[in-house]
Amino acid sequence: MIMNESIKTLLERRSVRSYKPEHITDEQMNTILEAGKYTPTGMGHQSVTFVVIKNKEIRDKLSAMNAAVLGSTSDPFYGAPDVIAVLADAEISGTWMEDGALAMGNLMNAAQAVGVNSCWIHRAGQVFDSAEGRAMADSWGVPAACKGIGFCILGYADGEIPAPKARKENFVITVE
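Quick notes on the rules
Residues numbered from 1 in each chain as written. Predicted model: local features only at pLDDT ≥ 70, side-chain atom pairs only at ≥ 80, totals over all residues. Heavy atoms only, no water. Phe/Tyr/Trp six-rings, centres within 6.5 Å; stacked < 30°, edge-to-face > 60°. Helix = DSSP H or I, 4+ residues; strand = E, 2+ residues; numbered from the N terminus. Buried < 20%, exposed > 50% of the residue type's maximum accessible area, 1.4 Å probe, protein only. Arc of directions from axis to C-beta. Contact = heavy atoms within 4.5 Å.

S.K.: Any chance you could explain the packing of aromatic side chains here in plain terms?
M.R.: Geometry of an aromatic ring pair is reported as the spacing of the ring centres plus the angle between the planes. A full pass over the atoms with the stated rule returns three aromatic pairs. When the centroid spacing of 5.8 Å and the interplanar angle of 40° are considered together, the rings of Phe-128 and Phe-151 count as tilted. On the criterion of sequence distance, the pair formed by Phe-128 in helix H5 (residues 124-129) and Phe-151 in strand S4 (residues 146-155) is long-range, its members being 23 residues apart. Among the residues examined, Phe-128 registers a relative accessible area of 2% and is labelled buried. Joined through ring pairs, the aromatic side chains of Phe-77, Phe-128, Trp-140 and Phe-151 make up one cluster.

Shown next as structure tokens:
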């Protein structure tokens, strides 16, 4: 296998579910966002919008809304101090969902590359489809046609990074 820094980053990234309260640096955040900005999108439509949440009150409100969708009262953001809400415009691209999913991957891989831990937290669709969530998005200037894809939580792991799970057999089928 060919090994370089990009491949190493992809192989070593893990979802982290326990974070220290310290915010990541502005330089780390800007690098992560720049990598997200260059995510390939269907027909180059660039349908994705990122909302960076560093404000604890807003972060906690989004966490509570996410937990309510889940039917829980625990913190689905696992204490992560920084969150990027990923949304995509469903009217300008037939691939908005795929565009947003790929952007989430770019954000998480870029985070790993700059020493930041991350995890994809689902239910952004339900959070931003609610009247309260849509009002929040509107207040931030998010286009009305944008739908929630996910929350990329960011921070520094509080504890050990999980080991990779064994990969399933027959993961690759080759047709020649």
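S.K.: Help me out: how do you make sense of helix H6 (residues 131-139) in this one?
M.R.: Every α-helical turn comprises 3.6 residues, leaving residues that sit three or four positions apart pointing alike. Three or more residues of H6 are buried, namely Gly-133, Arg-134, Met-136 and Ala-137. Viewed end-on, H6 has its buried residues packed into an arc of 155°, placing them on one side of the element. Set apart from the buried face of H6 by more than 90 degrees, the exposed residues are Ala-131 and Ser-139. For H6, the elements touching its buried residues are helix H3 (56-70), H5 and S4. Downstream of H6 by one or two residues, Gly-141 has phi in the positive range, about 85°.

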